[in-house]
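One-letter residues, chain by chain:
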Amino acid sequence: QLQASGGGLVQAGGSLRLSCAVSGRAFSTLIIAWFRQGPAKEREFVAAIKRAGGSTFYADSVKGRFTISRDNAKNTVYLQMNSLKPEDTALYYCAADPGIITSTVRQVHQYDYWGQGTQVTVSS
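This report concerns the structure included in the present document. All figures in this text were calculated on a predicted structure; none of them were measured in a lab.

A full pass over the atoms with the stated rule returns five aromatic pairs. Summarising the aromatic geometry, the rings of tyrosine 111 and tryptophan 114 are spaced 6.3 Å apart at their centres and angled 70° between planes, so their arrangement reads as edge-to-face. Three or more aromatic residues joined by ring pairs form one cluster here, namely Phe35, Phe45, Tyr93, Tyr111 and Trp114. The cationic tip of arginine 43 hangs over the ring face of tyrosine 93; the distance from NZ or CZ to the ring centre is 3.8 Å. Here arginine 43 stacks its cationic end above the ring of tryptophan 114, 4.9 Å away from the centre of that ring.

This is the structure:
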């Protein structure tokens, strides 16, 4: 199971940190990603972090503003979001899978395990 938390309402330019707590699987074997879905939009990739070594991947729209990290001792992945913009408003989901290769890490349909989502709203 994946449990996402940390969403909220923030003004443009502000920051939030999302958390994704993972249970029920070997956390260290998983690639974990964040996706988001805005109003009337398709779910899109935000960021991902691989298992050992922690290689990270970002969507161009968040690069330089968002940082994904993982704490293997706590079985938790974080998404630090800085310089938030109104267009970052969305329901944010964490997703996990043990078998994704680098070339497919941004593809929604590759992930088998999903959390329930946490709402992020950025006001202008």
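On to the side chain of aspartate 97. Along the chain, aspartate 97 turns up in strand 9 (residues 90-97). Residue class for aspartate 97 comes out buried when judged on its relative accessible area of 6%. Here aspartate 112 takes part through its backbone nitrogen, which lies 3.1 Å from a polar atom of the side chain of aspartate 97. Apart from the residues within four sequence positions on either side, aspartate 97 is in contact with Leu30, Ile31, Gln110, Tyr111, Asp112 and Tyr113.

Turning next to the pattern of salt bridges. Enumeration according to the criterion identifies four salt bridges in this entry. For the salt bridge of aspartate 88 with arginine 36, the shortest nitrogen-to-oxygen distance reads 2.9 Å. Of this pair, aspartate 88 sits in the loop between strand 8 (76-81) and strand 9 while arginine 36 is found in strand 4 (residues 31-37), placing the two residues 52 residues apart along the sequence. Here aspartate 88 and arginine 36 have matching classes, each one buried. Between aspartate 88 and arginine 65 there is a salt bridge whose closest N-O contact spans 2.8 Å. Placement of aspartate 88 in the loop between strand 8 and strand 9 and of arginine 65 in the loop between strand 6 (56-58) and strand 7 (66-71) is noted, with a sequence separation of 23 residues between them. Assigned by exposure class, aspartate 88 and arginine 65 land together as buried. One continuous salt-bridge network, built from bridges that share partners, spans Arg36, Glu44, Arg65 and Asp88.

Turning our attention to the nonpolar core. Side chains of a nonpolar character, in soluble globular proteins, are inclined to be buried together. Among the nonpolar cores identified, the biggest contains 39 residues, and Trp34, Leu79, Met81, Tyr92 and Tyr111 are the most heavily contacted of them. With near-sequence residues (within four places) excluded, leucine 79 lies in contact with Leu16, Arg17, Leu18, Trp34, Val46, Ala47, Phe66, Thr67, Ile68 and Tyr92.

The next point concerns the sheet that holds strand 1 (residues 2-5). Read from one edge to the other, the open sheet built from four strands follows the order 1-3-8-7, with strand pairing classed as antiparallel. Each of the sheet's edge strands pairs with one partner strand only, and the pair in question is strand 1 and strand 7. With direction set aside, neighbouring strand axes in the sheet form an average angle of 15°. Relative to strand 3 (residues 16-22), strand 1 runs antiparallel, the two sharing four bridges. Bridge assignment links glutamine 3 to a residue of strand 3, and that residue is alanine 21.

Rules used in this analysis
Numbering of residues begins from 1 in every chain and follows the order in which that chain's sequence is written. Only residues with pLDDT of at least 70 are given local features in this predicted model, and only at 80 or more are side-chain atom pairs given and counted; all residues enter the totals for whole chains, interfaces and linings. Heavy atoms throughout the structure, all of them, feed into the side-chain values; hydrogens and water do not. Geometry of aromatic contacts follows a simple scheme: Phe, Tyr and Trp rings, the Trp one being its six-membered ring, pair when their centres are within 6.5 Å, and the pair is stacked under 30 degrees between planes, edge-to-face over 60, tilted otherwise. Whether a charge sits over a ring comes down to the Lys NZ or Arg CZ being within 6 Å of the ring centre and within 35 degrees of the ring normal. For helices the rule is a DSSP run of H or I covering at least 4 residues; for strands it is a run of E covering at least 2, with both sets numbered from the N terminus onward. The rule is simple: take the accessible area with a 1.4 Å probe, protein chains only, and divide by the maximum for that residue type; under 20% is buried, over 50% is exposed, in between is partly exposed. A 3.5 Å cut-off defines polar contacts: any pair of N or O atoms within that distance qualifies, except that in protein one atom must be a possible hydrogen donor and the other a possible acceptor, and neighbouring residues in sequence count only when both atoms are side-chain atoms. Should any heavy atoms of two residues lie within 4.5 Å, those residues are considered in contact. We define a salt bridge as a side-chain nitrogen of Lys or Arg found within 4 Å of a carboxyl oxygen belonging to Asp or Glu. Only buried residues count toward a nonpolar core. Its members are Ala, Val, Leu, Ile, Met, Phe, Trp, Tyr and Cys residues joined through side-chain atoms within 4.5 Å. If DSSP finds at least two bridges between two strands, the strands pair. Between the N-to-C directions of two axes lies an angle of 0 to 180 degrees, each axis being a line fitted to C-alpha atoms and, for a helix, fitted only over the stretch in contact.

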